Amino acid sequence: MRGQSENRFFPNSDERKAKRCVKRLWKKLKDQCGASILLALLFFLLCSMVGASVLMAAVSNAGKIRSNREEQQKYLLLSSALRLVCDELTSAEYYGQYTYETWIEKKTIDHADDGTPITPPVIQTHTYHRYTQDAGDFQCGLKAVLPLTQELDLIFASRFPPTYDNGTIHYIYNKKGGSFVAVTREMVLEVDTAEVDGLDGSENRVTVKVQMDQDLRIRLTATLGEVKDGYIYTMEAQLTGQGQLGVAGSDSAVVGGNRSGPVTWTLEWIAKKEAGDGA
């Protein structure tokens, strides 16, 4: 009996430890500090999400700024090269050139077409006018890399009248042979970046394609980038040619060298195509 009473009023060490643990747990459940930590964690998570969004927006804006700058550099490079070619062509002139000769021959007609003798013989006066086309004169600062003289000569040849002969008056037109065919010519220009405001990129080579039609219109296409990469920057322009190309009549032609023209060009339009549209 004595031992039991001692155990009831003086619990062993294990029971005391258990009671202390329960008290601590109950105290923690009643404590408000845990909720404060949870709220702090939630606030930190919210701040982290906002910070990440701001960082992503900053990175995106930086990428857009860099992309816009690259676009501006490529636009400046293309427009500079295309303007250079346009300026040279609007300052260019073409003259068609030909040689005019005239002479008179007297022929004695003593037989008719059927062989019947003509008595007395008839003296006929034959007047000849001969026009022979010479190489044209294409005056352009890009003539060495843009040889358009051949196409222009063929266009001028198409303006020659047909040969005319009425029996005693003969108009002979010797023009260059061949038919006009539009040829696409290509040249690579290197732009001096130091001479263009706002242009400071390392790339400075632009490919320019030139094609002229029979109506003297010139189409220019400036490209930057490789077609095989599927991403190419393109800018186009068109120039209109004007001028009288023709052969003067015998009353106006000068014996020897003659010139027709000049043909000049004016810029009709210039436009930028979106990247990836092709050349």
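Residues numbered from 1 in each chain as written. Predicted model: local features only at pLDDT ≥ 70, side-chain atom pairs only at ≥ 80, totals over all residues. Heavy atoms only, no water.

Looking at this model, I keep getting lost on the environment of Ala-81. Mind explaining?
Position of Ala-81 relative to the elements: it lies in helix H3 (residues 33–90). Discounting chain neighbours no more than four positions away, the residues touching Ala-81 are Leu-189, Val-191 and Val-206. (Helix = DSSP H or I, 4+ residues; strand = E, 2+ residues; numbered from the N terminus. Contact = heavy atoms within 4.5 Å.)

Where do I start with the pairing of strand S4 (residues 169–174) in this structure?
Residues in a regular strand point their side chains to alternate faces of the sheet. By the bridge criterion, six bridges tie strand S2 (residues 117–139) to S4 in an arrangement that is parallel. Paired with Tyr-128 across the bridge in S4 is His-170. Bridge count for strand S3 (residues 164–165) against S4 is two bridges, and the pairing is antiparallel. Within S4, the position partnered with Asp-165 by the bridge is His-170. Two successive antiparallel strands, S3 and S4, enclose a turn made up of three residues, where Gly-167 displays a positive phi of approximately 110 degrees. (Pairing = 2+ DSSP bridges.)

Honestly, the confidence of the model for the protein in this entry has me stumped. Any pointers?
Detailed reading of the predicted model is not advised wherever pLDDT is low. On average, residues of the protein score 81 in pLDDT, and 75% of them are at 70 or above. Considering each helix and strand of the protein separately, the mean pLDDT is smallest for helix H1 (residues 2–9), with a value of 48, and largest for S4, with 96. A low-confidence stretch, residues 1–7 (pLDDT under 50), is modelled with zero contacts involving residues beyond four sequence positions or located in other chains. Overall, residues 275–279 carries pLDDT values under 50, and its contacts beyond four positions in sequence, including any with other chains, amount to 13 contacts. (pLDDT = per-residue confidence, 0-100.)

Please clarify how helix H4 (residues 149–157) should be interpreted in this entry.
Along an α-helix, a turn takes 3.6 residues, which lines up residues three or four apart on a common side. With eight of nine residues buried, H4 lies mostly within the body of the structure. Every buried residue belonging to H4 is among Thr-149, Glu-151, Leu-152, Asp-153, Leu-154, Ile-155, Phe-156 and Ala-157, and all of these are buried. (Buried < 20%, exposed > 50% of the residue type's maximum accessible area, 1.4 Å probe, protein only.)

Is there a simple way to explain the nonpolar core in this structure?
Note on soluble globular proteins: their nonpolar side chains tend to be buried together. Of all hydrophobic cores here, the largest spans 46 residues; its most connected members are Tyr-131, Ile-218, Leu-220 and Trp-265. It is H3 that contributes the most residues to this core, seven residues altogether. (Core = buried A, V, L, I, M, F, W, Y, C linked by side-chain atoms within 4.5 Å.)

Just to check I follow, could you spell out the pairing of strand S6 (residues 205–212) for this structure?
Burial of S6 is one-sided: the residues Val-206, Val-208, Val-210 and Met-212 facing one way are buried, the residues Arg-205, Thr-207, Lys-209 and Gln-211 facing the other way are not. Pairing between strand S5 (residues 184–190) and S6: seven bridges, direction antiparallel. Residue pairing across strands places Arg-185 opposite Val-210, the latter belonging to S6. Note that S6 and strand S7 (residues 218–224) share six bridges and pair antiparallel. Bridge assignment links Val-210 to a residue of S7, and that residue is Leu-220. Where S6 hands over to S7, the hairpin turn is made up of five residues, of which Leu-216 adopts a positive phi near 75 degrees.

Can you walk me through the side chain of Thr-149 in this structure?
Tracing the chain through its elements places Thr-149 in helix H4. The class for Thr-149 is buried, based on a relative accessible area of 17%. In this structure Thr-149 touches Gly-136, Phe-138 and Lys-143, once residues within four positions along its chain are discounted.

Looking at this structure, how should I read the packing of aromatic side chains?
The relative placement of two aromatic rings is captured by the distance of their centres and the angle of their planes. On inspection of all chains with the given rule, the structure shows ten aromatic pairs. Ring geometry for Tyr-98 versus Phe-160: centroids 6.4 Å apart, planes at 80 degrees, classification edge-to-face. Of the two residues, Tyr-98 sits in strand S1 (residues 93–111) while Phe-160 sits in the loop between H4 and S3, which places them 62 residues apart along the sequence. For the pair formed by Tyr-98 and Phe-160, the shared burial category is buried. When the ring of Phe-160 is compared with that of Tyr-173, the centres are 6.3 Å apart and the planes differ by 85 degrees; the resulting orientation is edge-to-face. Of this pair, Phe-160 sits in the loop between H4 and S3 while Tyr-173 sits in strand S4, placing them 13 residues apart in sequence. Accessibility classification places Phe-160 together with Tyr-173 in one group, the buried group. Through successive ring pairs, a cluster of aromatic residues spans Tyr-98, Tyr-100, Tyr-131, Phe-156, Phe-160 and Tyr-173. Over the ring of Tyr-95 we find Arg-259, and its NZ or CZ is 3.8 Å from the ring centre. (Phe/Tyr/Trp six-rings, centres within 6.5 Å; stacked < 30°, edge-to-face > 60°. Lys NZ or Arg CZ within 6 Å of the ring centre and 35° of its normal.)

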